[in-house]
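# Remarks on the overall topology
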Amino acid sequence: MEKQGKRRRRVVLVPAPFQGHINPMLQLGSILHSNGFSITVVHAQYNSPNPSIHPDFSFLPLPDTSSDHNILAGHLLAFVLQLNTNCKARLQECFAQVMRQQDSDDGLIACIIYDEFMYFSGETAEDLNLPSIILSTASASYFIARTALIQLKTEGQIPFPEFRSKDLIPECYPLRFKDLPIFKKLEDFLQLVNKASNIRSSSAIIYNTIDCLENSSLAKIQQQCQVPIFPIGPMHRISSASSSSLLEEDTSCMAWLDKQNFNSVIYVSWGSLALMDVKELVEMGWGLVNSQQPFLWMVRPSSIRGAEWIEILPKSLIENISKRGYIVKWAPQKEVLAHGAIGGFLSHCGWNSMLESICEGVPIICRPCFGDQRMNARYVSHVWNVGLELESELERGKIERAIRRLMVDEEGKEMQKRGKNLKERVELCTRKGGSSNSSLNKLIEMIMSF
Ligand code: UDP
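Residues numbered from 1 in each chain as written. Predicted model: local features only at pLDDT ≥ 70, side-chain atom pairs only at ≥ 80, totals over all residues. Heavy atoms only, no water.

## Topic: the overall build of the protein chain
- Along the backbone of the protein chain there are 18 helices and 15 strands.
- Computed over the C-alpha atoms, the radius of gyration of the protein chain is 22 Å, within 12% of the 22 Å expected from 2.2 N^0.38 for a compact globule of 450 residues.
- The dimensions of the protein chain, computed from C-alpha atoms along their principal axes, are 65 × 50 × 45 Å.
- Residues counted as buried form 56% of the 450 residues belonging to the protein chain. (Helix = DSSP H or I, 4+ residues; strand = E, 2+ residues; numbered from the N terminus. Rg over C-alpha atoms; globule rule 2.2 N^0.38 Å. Buried < 20%, exposed > 50% of the residue type's maximum accessible area, 1.4 Å probe, protein only.)

## Some points on the sheet that holds strand β1 (residues 10-14)
- Strand order in this open sheet of seven strands is β3-β2-β1-β4-β5-β6-β7, and the pairing throughout is parallel. Each end of this open sheet is capped by a strand with a single partner; those strands are β3 (57-61) and β7 (229-231). The mean inter-strand angle of the sheet, taken between neighbouring strand axes irrespective of direction, is 20 degrees.
- Two strands pair when backbone bridges link them, and strand β4 (residues 109-115) and strand β5 (residues 132-136) are joined in this way by four bridges, in the parallel orientation. For Asp115, the partnering residue across the bridge sits in β5 and is Leu135.
- Lying on the sheet, helix α8 (residues 211-224) is in contact with β6 (205-207) and β7; it crosses β7 at an angle near 165 degrees. (Pairing = 2+ DSSP bridges. Axes fitted to C-alpha atoms, helices over the stretch in contact; angles between N-to-C directions. Contact = heavy atoms within 4.5 Å.)

## As for the site of the ligand
- As a structural note, the neighbourhood of the ligand is formed by 19 residues, with Ser272, Ala331, Asn352, Ser353 and Glu356 the closest of them.
- Residue His348 places a side-chain N or O atom 2.9 Å away from an oxygen atom belonging to the ligand.
- A distance of 2.9 Å is found between an oxygen atom of the ligand and a side-chain nitrogen or oxygen belonging to Asn352.
- About the coverage of the ligand: the protein hides 94% of its 540 Å² of free accessible area.
- Put simply, the parts of the chain that give the shell around the ligand at least two residues each are α1 (19-34), β8 (265-269) and α14 (351-359).
- Of all the elements, α14 adds the most residues to the shell around the ligand, at four residues. (Near = heavy atom within 4 Å. Polar contact = N/O pair within 3.5 Å; in protein donor to acceptor, adjacent residues only side chain to side chain. Areas by Shrake-Rupley, 256 points an atom, 1.4 Å probe, with all protein chains shown as cover.)

## Some details on the pairing of β1
- Counting buried residues along β1, five of its five residues qualify, which places the element largely inside the surrounding structure.
- Here β1 shows two buried faces, one formed by Arg10, Val12 and Val14 and the other by Val11 and Leu13.
- Here β1 pairs with strand β2 (residues 38-43) via four bridges, running parallel. If you follow Leu13 over to β2, its bridge partner there is Val41.
- What joins β1 to β2 is α1, and the crossover it makes is right-handed. (Right-handed = clockwise from strand over helix to strand, strands pointing away.)

## Digging into the side chain of Ser353
- Residue placement: Ser353 occurs in helix α14.
- The exposure class of Ser353 is buried, given its relative accessible area of 8%.
- Ser353 has contacts with Gln333, Phe345, Ser347 and His348, leaving out every residue within four places of it along the chain.

## Some points on the sheet that holds strand β13 (residues 342-347)
- Spatially, β12-β10-β8-β13-β14-β15 is the arrangement adopted by the six strands of the open sheet, whose pairing is parallel. A strand with exactly one partner marks an edge of an open sheet, and here the two such strands are β12 (325-328) and β15 (387-389). Direction aside, neighbouring strands of the sheet carry axes that sit 15 degrees apart on average.
- As paired elements, strand β10 (residues 295-298) and β12 share four bridges and run parallel to each other. Bridge assignment links Phe295 to a residue of β12, and that residue is Gly325.
- Relative to the sheet, helix α12 (residues 315-324) contacts β10 and β12, its axis offset from that of β12 by approximately 105 degrees.

## A short note on the pattern of salt bridges
- Scanning the entire structure with this criterion turns up 18 salt bridges.
- Two residues, Lys153 and Glu187, come together in a salt bridge whose shortest N-O distance is 3.6 Å. Here Lys153 is found in helix α6 (residues 140-154), whereas its partner Glu187 is found in helix α7 (residues 186-197), with 34 residues between them in sequence.
- Given a relative accessible area of 27%, Lys153 falls into the partly exposed group.
- The salt bridge partner of Arg176 is Asp179, with a shortest N-O separation of 2.9 Å. Taken as a pair, Arg176 and Asp179 share a single burial class, namely buried.
- Each member of the salt-bridge network shares a partner with another, and the members are Arg176, Lys178, Asp179, Arg378, Glu389 and Glu391. (Salt bridge = Lys/Arg side-chain N within 4 Å of Asp/Glu carboxyl O.)

## Section: the nonpolar core
- Leu257, Tyr267, Leu296, Val336 and Trp384 are the most contacted members of the largest nonpolar core, which has 94 residues in total.
- No other element matches α6, which puts eight residues into this core.
- Residues contacting Leu257, with those up to four places away along its chain left out, are Val265, Leu296, Val336, His339, Ala341 and Ile342.
- Formed by 32 residues, the second largest nonpolar core is a distinct cluster that contains Val282, Trp297, Ile365 and Leu390. (Core = buried A, V, L, I, M, F, W, Y, C linked by side-chain atoms within 4.5 Å.)

## Comments concerning the confidence of the model for the protein chain
- Per-residue pLDDT for the protein chain averages 93, and the proportion of residues at 70 or more is 95%.
- Throughout residues 1-5 the model reports pLDDT below 50, and contacts reaching past four residues in sequence, or to other chains, amount to four contacts. (pLDDT = per-residue confidence, 0-100.)

## Looking at the side chain of Thr209
- Along the chain, Thr209 turns up in the loop between β6 and α8.
- If we skip the residues at most four places from it in the chain, Thr209 touches Ala140, Glu214, Leu218, Pro231, Ile232, Gly233, Trp351 and Ser436.

## Here we look at helix α18 (residues 435-449)
- The terminal C-alpha atoms of α18, which comprises 15 residues, lie 21 Å apart, in line with the 21 Å expected from a rise of 1.5 Å per residue.
- Of all the positions in α18, only Ser436, Ser439, Leu440, Leu443, Ile444, Met446 and Ile447 are classed as buried. All buried residues of α18 fall inside an arc of 160 degrees around its axis, so they share one side. In this structure, α18 carries Lys442, Glu445 and Ser449 as exposed residues pointing more than 90 degrees from its buried face. (Expected span 1.5 Å × (residues − 1). Arc of directions from axis to C-beta.)

## Observations concerning the environment of Lys184
- If you trace the backbone, Lys184 turns up in the loop between α6 and α7.
- Sequence spacing of Lys184 and Phe295 is 111 residues, and the spatial spacing of their C-alpha atoms is 32 Å.

Structure (structure tokens):
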């Protein structure tokens, strides 16, 4: 794309330092790079991306002034709020550095694209008079649900009594009160959401979603926001980026999958943040074994409260697991879901995982843990109808039953058919003239116009 004698325009990306946010931001970087832009990634030192995987990008670290204490204690919201307060001055220095370089050999900064939870970047861009665009790495419906949550809180309806948990929220159909993205530290969450929802002088919002999945939520957001919104997902499909995994992928599971029958394996993953108790781990193990289906189980080290890893499992369970299962510490998830042996996904319902599964037509057993995962589960099971929700606590009999419903019963076969159909509709959106492809072209035009 680069024209001779013409310097590339530079886009500065500011991802939030979590796997589920880094992946789509770097995918976006690679999409923009292949459309002729130079890319600089300004990132936190916590969970910093590996520059060697992205040799075409420049990387600038922000200093580690946020305490690891909050991360270790699982106070992720407090960590993000602190990051936004502490990193502003350094971000200004980073921008100054990039702007100095642009005077010498580098392309002019076209704009800054920042994760909505790194809202201090929007403030800095405004101070420096630089154009900025927000990237939301969650679903569009999450934006609608957050707006409803703020309204319900103002009306005194949050926290809600248990008997209302299954009541529908009229403006968020099909979400119920229990599906709202409520965190234990509600005040911290609302503070973050209020900041993230303030689009300041940003010129647009990019969504890693697809019109055919979230048409009505996207239309509602467009009504509420004064700036264009660009649904350009699924970005993992559109971009040619290498994996931006922060943990080492155990690719040995691919050879194991090669030996399994077509459509026979259930893949299990709780993503990069969710935790589990030892009791839940044991129940999960027996549920998987008793389902009598082959399974690939990702158990992330440090994801079990009170244990290092699976050493805590009883010997008899480990023996049974080895007969029909395979455990890894971190999987090459996109490749796993694309493997013909995979017939179902037991998931915590992070948005990236949902998109990756939908793109492969793999039906899902939803077991959400926190945040937007509950509403993603509701959409999978009640809007797109490509999965079922495990609403009870993790108990071996319930897990076994859910797996058999998905992998063996007629009900599961129907979900598989709908999954394949949805996959085809998503593919159409990414082709030339499809909704995501058109949005991407408009986004690129906008960035070129800055
Ligand atoms: N992932 C992976 N290997 C794993 C588990 C997850 O590569 O073993 C990737 C997955 O493909 C997804 C991301 O990590 O892109 C997790 O993001 P998601 O939004 O699904 O959940 P989160 O980790 O943010 O809760």
